[in-house]
Structure formats: C-alpha cells, structure tokens
Amino acid sequence: MGYGKMNKIIYEDNHLLVVEKPRNMLVQEDNTKDLDLLSSLKSYIKEKYNKPGDVYLGLVHRLDRPVGGLMVFARTSKAASRLSEAIRVHDFHKSYLAVVEGKLDKNGVFEDYLKKIESENKTIVDKEGKYSKLSYEVLGYKDNLSLVLINLETGRSHQIRVQYSSRNHPLWGDQKYNKNALPKEQIALWSCSLEFMHPTLKEKLLFKLEPPLKEYPWSLFGGEIEKWKNTKK
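Structure report, in brief. (Residues numbered from 1 in each chain as written. Predicted model: local features only at pLDDT ≥ 70, side-chain atom pairs only at ≥ 80, totals over all residues. Heavy atoms only, no water.)

## As for the overall build of the chain
Stage number 1. Helices and strands together make up the secondary structure of the chain, namely 5 helices and 11 strands.
Stage number 2. Expected size for 233 residues packed as a compact globule is a radius of gyration near 17 Å; at 18 Å, the chain falls within 12% of this value.
Stage number 3. Here the C-alpha coordinates of the chain stretch approximately 55 × 40 × 35 Å along the principal axes.
Stage number 4. For the chain, the residues scored as buried account for 48% of the 233 residues in total. (Helix = DSSP H or I, 4+ residues; strand = E, 2+ residues; numbered from the N terminus. Rg over C-alpha atoms; globule rule 2.2 N^0.38 Å. Buried < 20%, exposed > 50% of the residue type's maximum accessible area, 1.4 Å probe, protein only.)

Below you can see the structure in the form of structure tokens.
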C-alpha cells in the first residue's frame, strides 16, 4: 500500500510536499532500520508518478521521533535551497501545540543556551551551548495542565522539551525529560502550523493541523484548539 493511502498528504505540487508526520516514526533512516518518513515519501512519489531511478526529496527541517504533525519536504533542489535559506533568516515559521504540567503565565519567552550530549541523545541547559529561544501563549488550563501555543525561534535538538522541563513544567508524556511520564504515554507535542513563502510562486503559505483531539490530554482542550485553528495565524 502506498504512503498516500496510509497517511495524510496535506499539500502537493511540483516543488513541495506537506505531510502529517505520524507519531513515533523516524524522519530519516537511522541504525534501527525502522521505517522512516523520508523513505516512505520517496516511495510514494516514485509509485504515484511512475518515476524511474532515484527520487529526489529534500529534508529541510526535522521532528523528534515521538512527535507528530506538519512537515514540509522539497521536491527540487531549488526549493530545498530556498526553504533552507528562509529557515536561516527566520522567514520560515513553525508553531507547536504542547500540554505541559502545571500552570504557566499567560504568555512568555524562554531563552537558554542548550548543549546536545550526542552519546546520550539528550540535550541540557549549559552556558557553553547554543542560544535557544521560543515564545509561547497559554491557550487553556485544566487538571493542572496547561495548553500552550509555541513559536519556535531557533531549532535546537529537543529544544521545547528541555526548555519546559528545566523550568519544572515538563511536557505531558515526555519519556525522556519528564520523570512523571508513564511508560505508554505519548508525548503531548504537536507540529501544528507552518508558514513560509512558496519557493517559486512567491506566495505566502500557511498550513494548520490539529492534534488527535480524541486522545488525552488533547481531549481536555478541544474547544481551545478549535478556536486556535479558526484564527488567521
């Protein structure tokens, strides 16, 4: 069965492919050899368009394996170059929805220096790390859990997860950074919107995608998430 039949293609043209990344799926192949999104999408394109030989698909940003939601891939090297440049100059905007433990102020900004420990696949706050910044708005609060809309201004490894956990507001279900997470819980972090200039049409594109609202803890905040989805930003 082709990828398009199994999962959600949000937008597709000759230059771009915007998709919903399934939770717990690798973005790119690693030494586990588990099925990865990039390979699956290449197979989808090859099958759909009957393309001979290797299929080009450019990876311009990533999501952690347990995280689901929106991703964009480039179908040409020109598109990949322009999207990568947009990311570099902060003209590519990524937003996330997350459910975190505790009650947060209505909005705020987190600034830290984060260092990745490669041997442990873990990130820590460290003055020798790279500058990391996000801003957030609280959309709701229930059962000692806060729903936050996060605008990521830098893209460090595990950035959102570490910046919240270091302030004693870890993400619900985060197996790596939340000591309260139970073994089968799914991290409540979702790539909910992407906004960027189309690499050739020069039109601003905005994509929004809600998390699985029937699942706890997202189910607590269905009204708030629906209201967010219906706003222009």
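## Some details on the side chain of Ser193
Stage number 1. Looking at the element boundaries, Ser193 is found in strand β10 (residues 189-197).
Stage number 2. Of the residues examined, Ser193 reaches a relative accessible area of 7% and is grouped as buried.
Stage number 3. In this structure Ser193 touches Leu70, His93, Lys94, Ser95, Phe207, Lys208 and Trp228, once residues within four positions along its chain are discounted. (Contact = heavy atoms within 4.5 Å.)

## Focus on the pattern of salt bridges
Stage number 1. Across all of its chains, the model carries 14 salt bridges by this definition.
Stage number 2. Salt-bridge contacts for Lys33 lead to Glu29; the nearest nitrogen and oxygen are separated by 3.1 Å.
Stage number 3. A network of salt bridges, in which partner residues are shared, links Asp64, Arg161 and Asp174. (Salt bridge = Lys/Arg side-chain N within 4 Å of Asp/Glu carboxyl O.)

## Quick notes on helix α2 (residues 37-49)
Stage number 1. Compared with an ideal rise of 1.5 Å per residue, which puts 13 residues at 18 Å, α2 spans 18 Å between its outermost C-alpha atoms and is within 8% of the ideal.
Stage number 2. What α2 keeps buried is the set Leu37, Leu38, Ser40, Leu41, Tyr44 and Ile45. Buried positions in α2, seen along its axis, are confined to an arc of 160 degrees and lie on one side of it.
Stage number 3. If you check the start of α2, you find a side-chain oxygen 3.3 Å away from the backbone N of Leu38, and it comes from Asp36.
Stage number 4. Where α2 ends, the next residue or the one after it, Asn50, has phi of about 55 degrees, a positive value. (Expected span 1.5 Å × (residues − 1). Arc of directions from axis to C-beta. Polar contact = N/O pair within 3.5 Å; in protein donor to acceptor, adjacent residues only side chain to side chain.)

## Notes on unusual backbone geometry
Stage number 1. For the bond running from Tyr216 to Pro217, omega is 5 degrees, close enough to zero to count as cis.
Stage number 2. The residue Pro217 is located in the loop between β11 (204-208) and α5 (222-229) in this model.
Stage number 3. One non-glycine residue, Lys33, adopts positive backbone phi at about 65 degrees.
Stage number 4. Its identity is not glycine, yet His90 carries a phi of approximately 60 degrees, on the positive side.
Stage number 5. As for its position among the elements, His90 is in the loop between α3 (77-88) and β5 (93-101).
Stage number 6. Exposure remark for His90: the relative accessible area of 52% places this residue in the exposed category.

## Overview of the pairing of strand β6 (residues 107-117)
Stage number 1. Across 8 bridges, the pairing between β6 and strand β8 (residues 130-142) is antiparallel. What sits directly across from Tyr113, in β8, is Tyr131.
Stage number 2. Here β6 pairs with strand β7 (residues 122-125) via 4 bridges, running antiparallel. Bridge assignment links Lys115 to a residue of β7, and that residue is Ile124.
Stage number 3. Joining the antiparallel neighbours β6 and β7 is a turn of 4 residues, in which Asn121 adopts a positive phi near 50 degrees. (Pairing = 2+ DSSP bridges.)

## With respect to the environment of Tyr216
Stage number 1. Along the chain, the position of Tyr216 falls in the loop between β11 and α5.
Stage number 2. Residues Tyr216 and Leu171 lie 45 residues apart in sequence; the distance between their C-alpha atoms is 13 Å.
Stage number 3. In this structure Tyr216 touches Asp143, Leu145 and Trp172, once residues within four positions along its chain are discounted.

## So, the packing of aromatic side chains
Stage number 1. By the definition in use, this model includes 8 aromatic pairs.
Stage number 2. Note on Tyr11 and Phe207: the rings are 5.4 Å apart at their centroids and 50 degrees apart in plane angle, and the pair reads as tilted. Highlighted residues: Tyr11 in strand β1 (residues 9-12) and Phe207 in strand β11, separated in sequence by 196 residues.
Stage number 3. A residue is classified by how much of its surface remains accessible, and Phe207, at 10% relative accessible area, is buried.
Stage number 4. Here the aromatic rings of Trp172 and Tyr216 are separated by 5.6 Å at their centres, their planes lie at 70 degrees, and the arrangement is edge-to-face. In this pair, Trp172 sits in the loop between α4 (159-165) and β10 while Tyr216 sits in the loop between β11 and α5, placing the two residues 44 residues apart along the sequence.
Stage number 5. A relative accessible area of 42% means that Tyr216 is categorised as partly exposed.
Stage number 6. Among the aromatic residues, ring-to-ring pairing joins Tyr11, Phe92, Phe196 and Phe207 into one connected group.
Stage number 7. Looking at Arg167, its charged tip hangs above the ring of Phe110, at a distance of 4.0 Å from the centre.
Stage number 8. If you follow Lys208 out to its NZ or CZ, it ends over the ring of Trp228, 4.6 Å from the centre. (Phe/Tyr/Trp six-rings, centres within 6.5 Å; stacked < 30°, edge-to-face > 60°. Lys NZ or Arg CZ within 6 Å of the ring centre and 35° of its normal.)

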